[in-house]
Amino acid sequence: MRHPLIGPSSWLLVLLLPLLIQSQQHNLFRRFEYKHSFRAPNLAQRDGSIPFWTVAGDAIASGEQLRLAPSMRSRKGIAWNKRAMTESENFELEVSLKITGQGRIGADGLAIWFTSQPGTIGPVFGANDYWTGMGLFLDSFDNDGQDFRNKPFPSRIKIEYSRNVLTVSIDDGMTATPRYQLCMRSENIFLPRNGYFGISAATGGLADDHDVVDFSVYSLHSDAPRPGTSQQLPQEEKQKYDAEFEKQMHEYESERQKMGIHQVMKSMDERLREMQNVQRSGVQPVQHVQTGGGGVPSFAVHEKNEVMQTLRDMSSSLKDMKSYVNEIFTKTYNLEQRWGQGTTNQGGGTAVPDSAAHQKLG
């Protein structure tokens with residue numbers, strides 16, 4: 001299937017709701033919207049979920065990527081944002097993806113969506129076949145030799161919708177730094193207000209791994225923020241950040257109690273204190289020590305083994321605790337970065353991360 005706006009590339013754009021409204025160019029200010037985005041590393045949480053997103057079908061999320069469809073026949077998966085895009089009618093979307101397979105050609109492909117309602121599993125590249133909004137189709141089967149499969153770096157696509165003008169640019173994935181080329185520009189386009197972002201993929205008789213490593217949404221604003229709002233908005237963002245951090249800390253405390261680290265340390269301390277008293281008093285409890293040839297009390301072999309096993313258990317618990325604390329620290333840092341980036345884009349200044357959050361982990 002071909003579209004006259006696309007040319008030789010295999011990027012197929014399907015657009016609905018065109019209206020006759022002339023657009024004008026304006027200076028735009030963009031702001032990162034983390035509630036509509038996900039990106040590696042730490043893309044997913046420990047349970048495999050993505051904050052503010054629904055993952056369904058055969059899709060599997062990890063810290064490094066969202067695999068929408070694995071390289072197995074007849075698989076399909078979707079991920080759809082739970083929150084409507086209410087921050088602005090205009091947006092910019094940057095997606096980095098990797099589609100890899102062993103064959104000369106693959107299938108079926110991947111689709112990027114912006115629809116009036118969240119999508120469901122269906123026959124159109126993994127998503128439902130009736131929708132209102134935008135679908136950008138990446139057909140990996142019919143690609144004319146100019147495809148985005150098996151590239152050394154992630155292929156990238158940039159979609160900008162502003163003033164009823166839709167612009168799509170693509171990168172071939174051959175360099176670490178994106179080299180965008182204009183794919184299409186179409187005026188007089190109306191997309192749904194308060195729509196939902198989504199992405200889906202499917203395989204058929206042939207199969208590829210369809211992975212997404214970055215899905216970044218930016219709201220576009222035609223005017224710079226007014227002086228009176230530049231301080232108010234960062235404060236609101238900071239409150240949201242603090243609330244999310246407190247939630248993470250609560251999960252951390254619950255996990256720490258499950259690990260039983262305090263019980264292990266208390267038991268170890270009591271055990272060592274008991275053994276130290278035995279050595280000092282020279283008393284020989286039958287179940288704890290045995291007398292050597294010189295009559296000097298010493299630890300039995302099984303007693304030493306018990307101490308070593310307790311130490312190993314304690315070391316393992318500490319490693320688990322350290323891993324979980326590092327994860328909390330990383331999530332906290334990402335929250336600070338998101339808050340800082342939102343402040344920079346909105347107010348034009350430089351945001352300073354709040355170090356008090358890290359001190360709570362001390």
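It should be emphasised that the depicted structure is a prediction, and the values quoted were computed from it without experimental measurement. (Residues numbered from 1 in each chain as written. Predicted model: local features only at pLDDT ≥ 70, side-chain atom pairs only at ≥ 80, totals over all residues. Heavy atoms only, no water.)

Draft legend 1. A look at the pattern of salt bridges. Counted by the stated rule, this structure contains 9 salt bridges. Salt-bridge contacts for Arg30 lead to Glu94; the nearest nitrogen and oxygen are separated by 3.3 Å. On the criterion of sequence distance, the pair formed by Arg30 in strand S2 (residues 29-32) and Glu94 in strand S8 (residues 91-100) is long-range, its members being 64 residues apart. Here the residues in one salt-bridge network are Arg30, Glu92 and Glu94, joined through shared partners. (Salt bridge = Lys/Arg side-chain N within 4 Å of Asp/Glu carboxyl O. Helix = DSSP H or I, 4+ residues; strand = E, 2+ residues; numbered from the N terminus.)

Draft legend 2. Representation of the packing of aromatic side chains. Counted under the stated rule, the structure contains 15 aromatic pairs. Every member of this aromatic cluster is reached through a ring pair, and the members are Phe38, Trp53, Phe91, Phe114, Tyr161, Phe197 and Phe215. Positioned above the aromatic ring of Tyr218, the side-chain terminus of Arg30 is 3.8 Å from the ring centre. (Phe/Tyr/Trp six-rings, centres within 6.5 Å; stacked < 30°, edge-to-face > 60°. Lys NZ or Arg CZ within 6 Å of the ring centre and 35° of its normal.)

Draft legend 3. Focus on the pairing of strand S13 (residues 165-171). Of all 7 residues in S13, 7 are buried, a share of seventy percent or more. With burial as the criterion, each face of S13 is covered, one bearing Val165, Thr167, Ser169 and Asp171 and the other bearing Leu166, Val168 and Ile170. The sheet contact formed by strand S12 (residues 155-162) and S13 spans 7 bridges and is antiparallel. Across the sheet, Ile157 pairs through a bridge with Ile170, a residue of S13. Turn length for the S12-S13 hairpin, with the two strands adjacent in sequence and antiparallel, is 2 residues, and the turn residue Arg163 shows positive phi of about 55°. (Buried < 20%, exposed > 50% of the residue type's maximum accessible area, 1.4 Å probe, protein only. Pairing = 2+ DSSP bridges.)

Draft legend 4. Seen up close, the nonpolar core. Core analysis: the biggest nonpolar cluster contains 40 residues, and Leu66, Leu110, Ile112, Ile199 and Phe215 have the highest contact counts within it. No other element matches the 5 residues that S8 contributes to this core. In this view, Ile199 contacts Leu66, Leu68, Gly77, Ile78, Ala79, Val95, Leu110, Ala111, Ile112, Trp113, Val212 and Phe215; residues no more than four positions away in its chain are not counted. Among the nonpolar cores identified, the runner-up in size contains 11 residues, and Trp80, Ala111, Phe125 and Phe137 belong to it. (Core = buried A, V, L, I, M, F, W, Y, C linked by side-chain atoms within 4.5 Å. Contact = heavy atoms within 4.5 Å.)

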